[in-house]
Each structure stands twice: as C-alpha cells, then as structure tokens.
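Structure assessment
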Amino acid sequence: MADAPASAALFERARAVVPGGVNSPVRAFRSVGGTPRFVVSATGAYLTDADGREYVDLIGSWGPMIVGHTHPEVLRAVTEAAGRGFSYGTPSENEVALAEEIVARIDPVEQVRLVSSGTEATMSALRLARGITGRSRVVKFAGCYHGHVDALLAAAGSGVATFGLPDSAGVPASAAAETIVLPYNDIDAVEAAFAADGEHIAAVITEAAPGNMGVVPPLPGFTEALRRVTRDHGALLISDEVMTGFRCSRAGWYGLEGPYDSGAPDLFTFGKVMGGGFPAAAFGGPADLMARLAPDGPVYQAGTLSGNPVATAAGLATLRLCDGDLYARLHHGARTIAEAAASELTKAGVPHAIQWAGSMFSIFLCEGPVRNYAEAKGTDSAAYGAFFHSMLDQGVHLPPSAYEAWFVSGAHDDAALDRVVSALPAAARAAAAA
Ligand SMILES: *Cc1c(COP(=O)(O)O)cnc(C)c1O
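Residues numbered from 1 in each chain as written. Predicted model: local features only at pLDDT ≥ 70, side-chain atom pairs only at ≥ 80, totals over all residues. Heavy atoms only, no water.

What follows is about the overall build of the protein chain. When helices and strands are tallied, the protein chain shows 15 helices and 13 strands. For 434 residues, the compact-globule formula gives about 22 Å, and the C-alpha radius of gyration of the protein chain, at 21 Å, lands near that figure. Along the first, second and third principal axes, the C-alpha atoms of the protein chain reach 55 × 55 × 45 Å. Residue pairs in contact within the protein chain that sit at least 24 positions apart in sequence constitute 73% of those at least 6 positions apart. When the accessible surface of the protein chain is totalled, it reaches about 17000 Å², and 54% of it is carbon and sulfur. Taking the average place of the 30 positive charges on the side chains of the protein chain and the average place of its 45 negative ones, the gap between the two points comes to 3 Å. (Helix = DSSP H or I, 4+ residues; strand = E, 2+ residues; numbered from the N terminus. Rg over C-alpha atoms; globule rule 2.2 N^0.38 Å. Contact = heavy atoms within 4.5 Å. Areas by Shrake-Rupley, 256 points an atom, 1.4 Å probe, with all protein chains shown as cover. Lys, Arg positive; Asp, Glu negative; His and termini not counted. Charge placed at Lys NZ, Arg CZ, Asp CG, Glu CD.)

Moving on, we come to the packing of helix H2 (residues 72-83) against helix H11 (residues 309-321). Axis separation between H2 and H11 bottoms out at 8 Å; the angle between their running directions is 155°. Classed by the angle they form, the pair H2 and H11 counts as roughly antiparallel. You can see that H2 and H11 cross each other, and the crossing is right-handed. Within the contact between the two elements, H2 uses Glu-73, Val-74, Ala-77, Val-78, Ala-81 and Ala-82 and H11 uses Pro-309, Val-310, Ala-313, Ala-314, Ala-317, Thr-318 and Leu-321. Residues that form the contact of H2 with H11 fall into these classes: 11 nonpolar, 1 polar and 1 charged. (Axes fitted to C-alpha atoms, helices over the stretch in contact; angles between N-to-C directions. Parallel < 35°, antiparallel > 145°, perpendicular 65-115°, else oblique. Left-handed = near helix turned anticlockwise from the far one by under 90°. Nonpolar A, V, L, I, M, F, W, Y, C, P; charged D, E, K, R; others polar.)

Cis geometry is found at the peptide bond from Ala-294 to Pro-295, where omega equals 10°. Examined against the element boundaries, Pro-295 turns out to sit in the loop between helix H10 (287-290) and H11. In the segment running from Gly-368 into Pro-369, the intervening peptide bond is cis, with an omega of -10°. Looking at the secondary structure, you find Pro-369 in the loop between strand E12 (360-364) and helix H13 (373-376). Of note, the phi angle at Phe-29 is positive, near 65°, even though the residue is not glycine. Its location among the elements puts Phe-29 in the loop between helix H1 (5-17) and strand E1 (39-43). Overall, Phe-29 belongs to the buried group, its relative accessible area being 3%. Positioned with a positive phi, Thr-70 is a non-glycine residue whose angle comes to about 55°. On the secondary structure map, Thr-70 appears in the loop between strand E3 (54-57) and H2. (Buried < 20%, exposed > 50% of the residue type's maximum accessible area, 1.4 Å probe, protein only.)

With respect to the helices and strands, the residue Ser-124 is situated in helix H4 (residues 118-133). Take Ser-124: its relative accessible area is 2%, and that puts it in the buried class. Look past the residues within four positions of Ser-124 in its chain and what remains in contact with it is Val-115, Phe-283 and Gln-301.

In the vicinity of the ligand, the contacting residues are Ser-117, Gly-118, Thr-119, Tyr-145, His-146, Gly-147, Glu-207, Asn-212, Asp-240, Val-242, Met-243 and Lys-272. Here an oxygen atom of the ligand sits 3.0 Å away from a polar atom, N or O, in the side chain of Asn-212. Its free accessible area being 380 Å², the ligand has 82% of it covered by the protein chains. (Near = heavy atom within 4 Å. Polar contact = N/O pair within 3.5 Å; in protein donor to acceptor, adjacent residues only side chain to side chain.)

The next thing to look at is the environment of Gly-170. With respect to the secondary-structure elements, Gly-170 resides in the loop between helix H5 (158-163) and helix H6 (173-177). Exposure remark for Gly-170: the relative accessible area of 70% places this residue in the exposed category. Separated by 99 residues in the primary sequence, Gly-170 and Thr-269 place their C-alpha atoms 25 Å from one another.

The element E12 is extensively covered by neighbouring structure, given that 5 of its 5 residues are classed as buried. Side chains Met-360, Ser-362 and Phe-364 of E12 all project onto a buried face; the interleaved residues Phe-361 and Ile-363 project onto the opposite face, where all are buried too. For strand E11 (residues 353-357) and E12, the ladder comprises 5 bridges, and the chain directions are antiparallel. Residue pairing in the sheet places Ala-357 in a bridge with Met-360 of E12. Counting the residues that bridge the hairpin from E11 to E12 gives 2 residues, and of these Gly-358 lies at a positive phi of roughly 65°. (Pairing = 2+ DSSP bridges.)

Quick look at the pattern of salt bridges now. Counted by the stated rule, this structure contains 10 salt bridges. In this structure, the salt-bridge partner of Arg-227 is Asp-266, at a minimum N-O distance of 3.0 Å. One end of the pair, Arg-227, is in helix H8 (residues 222-232); the other, Asp-266, is in the loop between helix H9 (252-257) and strand E9 (267-270), and 39 residues separate them in sequence. Each of the two residues, Arg-227 as well as Asp-266, counts as buried. Between Asp-325 and Arg-329 there is a salt bridge, and its shortest N-O distance comes to 3.0 Å. Pair noted here: Asp-325 and Arg-329 are both in helix H12 (residues 324-348), with a separation of 4 residues, about one helical turn. Judged by relative accessible area, which is 48%, Asp-325 ranks as partly exposed. Each of Arg-137, Glu-178 and Asp-197 takes part in a single network of salt bridges with overlapping partners. (Salt bridge = Lys/Arg side-chain N within 4 Å of Asp/Glu carboxyl O.)

Quick look at the packing of aromatic side chains now. Applying the stated rule across the entire model yields 14 aromatic pairs. Here Phe-11 and Phe-38 contribute two aromatic rings whose centre-to-centre distance is 6.3 Å and whose plane-to-plane angle is 55°, an arrangement assigned as tilted. Here Phe-38 lies in the loop between H1 and E1 and Phe-11 lies in helix H1, a separation of 27 residues in the sequence. Classification of Phe-11 as buried rests on a relative accessible area of 8%. (Phe/Tyr/Trp six-rings, centres within 6.5 Å; stacked < 30°, edge-to-face > 60°.)

Scope: geometric values only; no functional claims are made or implied.
Structure representation (structure tokens):
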C-alpha cells in the first residue's frame, strides 16, 4: 500500500473530533484497510488528494456526479444561484423547475415533494404510505438500503454489510417489529408474508434495481409481481430510485423496465443524481396520493432547507445534461471497464460475476449469478481489498467496499478509461494472490 502522509495526518486530526474520522462509515476504509484519501479537489473524472496524487474516480460521490466533477454548466448554475442568496425559507422558481423536470421524465410521477437526502425521501414516503393505508407494517428486502431510517435499518446492505452489523444499535425493537425482511427476488416469500399478515402491511419498499449489495437486478417479472401482490392486498409499492433514478436511463430504472402490465409503483424516491452533488432529494407519485401530505392533507412533512435554491440549481443543471448522448457515454465507459476487468480476472483465475442495471454495474468476486443478499455475501472481501489497493496505488479510486456499484460519469473519456484498463492486470493478479 502506498503511503499517504498528508491524508494520514488529516485522518488523525479527524479521528480526534469526528467519530471514526468520517461523516459516513464506508469512507473509513474499514473493509479494505489503509488510510482513506482526503480529497482536496475534483474535476471531470479525477480526484486529487491531500498528497497531490490524482485518481480516476469510480465512486462519483456514490452516484451524484454523473456528468463529472465541477462540470462548467453546473458550476455556472450554482455560482449564479449562490449570488442570488443561499436559502430563502420561501418558495422559489428553481424548486418548480426541478419538480417539472422530474415529473416530465417519469410518467407515473405527477407530483414530487423535495427534501435534502435520500434518507428523508424514503422516511417520508414510508410515513405517507402508512398515513394513506392506516397500516403500520412494511416489507423490505435483505440487502436493500434505503438510508438510515430506523424502520429500514434491518439487513440493509453495503455500509451495514461492510461492518457485519445485522442491525443497528439504537433502533428500538418497536420500530424493527413493524418491518418484515424478505429475501430479494423471491416472490413466493412475498406472497406468503401477505397471506399471513396482508391487512397490516402498509407498503413494500424495494430498490428499483438494488445497488447497495452490489448490483442485483430484479429477475424478469419480479417487480410486476410485487405490483400485483401489493395491489391485491391494498398495500402501496414504493420504488426506491435514489441510486438508479436518472442513472440507469433518463427515467431511471422505471425507464428501462416499465411500464408494467400490472401498473406502476405508487411512490418513487429520488436523490443522488437529482442533486448534482448538492443535498437535494425527492419523493413523488400520483397527485391524489401526494395530496395526503401537509398542507393539503394530514401527513406532516417539512424541511428548513428543502428545495434549497443552490441545490435545486445544481440538480436542474445536472438533469438537463442527462440526455441521450450522456447515457451513451456512460454505457461505453461502463462496458469498457467491466469487459476489461472480466478479462483480466479470468486470466488471473479469480472467480467473478459482473452484474448490470443499465450502465450501473458491480463486480462480485464469487461465482454468479447473484440474485439476493445471501448470494452477495459469497463475494471474497479479502480479494477485493487487495484488488482495491492495487488500483488505488495505480491511481484509480474504486469504492472502498466489495458491496458497491462502480460509478462512471460522462467525463470518463478515453484517457481516463485507458488508465483504469491499464491498472486492471496488476489488480487482478493481486486479487488472485490474496
Ligand atoms: C443512497 C441511498 C439512499 C440514502 O440516501 P442518502 O442521501 O444517503 O440519505 C436511499 N436509498 C438508496 C437506494 C440509496 O442508494
């Protein structure tokens, strides 16, 4: 592992005043070991760390930086917006424009309420579903992550998987007792849960195409079947598109898999891409359901910084750049990296499975296919750690966890892709040796 003295010094300072030295656990490198790189700047496809080393970035802030870092058009929109004030506490036009952009992209979504994080979006969608149905239970799938909402922090994938915590301390039994955790891609389990408990279930929440246990797309017919079963039992279907929204296609995963014969999900949640790197997220659905929110309806939901003018300007500028050309570039970048990785891992004799949701992909270091969380846990974390550090030493920053998607951006041009591809042979050999 290469030394990173400036990052190491910052990490030591951080650990004195921030728990674990980080503000989101996966950044701490616990599952891969070593020193997290403190980034001082980011442009296009590259990160620069405190030691002055440059990396091709395949984290993309975990999804938001779909057009690349500091894109000139987004920067201009943000600078202009900031010059007009940081936060008003009143309605403003950018919020309307961002909502219009989202509604124009996803047919079943007629209205959205803006919030500041994906966690807030899923928490609010869940409250709305419970308010509409008057029921309390919720079904989620093992390995799906929906933010750190109490009721949804059971078998929650990535960050939680990385730390091997089955659950979080501090979540009251009463909150978890209302959550039914089922294996993903198992419609029989869903039918059995509804047969046993259907009249108490407010909603099924699912990642539209899970990316938080690595990428595990729904098997053909699974989402349709969820729609059918929930409707038969008067429960809502919440499609969490915080990661996939505006990433998998201009209309997210829904744009690839929908519309469904059995009907659209009731509520959708969005985040990541739609904030363009700033705190903006949303939940939405048909107008009659969204009318149940305050001030029109009885379900309370609010936010001091919701619809923030700078965040909405960044989100709007980013979404306007998410056109056919951008999706073609993402597709090319992702295929180039994944095919090269597959070929090098094969040469090095490392078992692996590359899985896709549109241009979103991840590489499991185990035999595929991976259809659920139990199978995802077969990935070889030690081999991934060796692979990760070899890439890092060669100037490519992968996600520091074996359970994450790799994110390319529109700024990953041939030069950036070449750097990734030329780092792969040594990384594959390191994984084989681990
Ligand atoms: C990232 C993520 C969240 C949580 O979003 P935050 O902005 O981190 O709170 C929720 N759901 C999914 C599917 C996500 O990937």
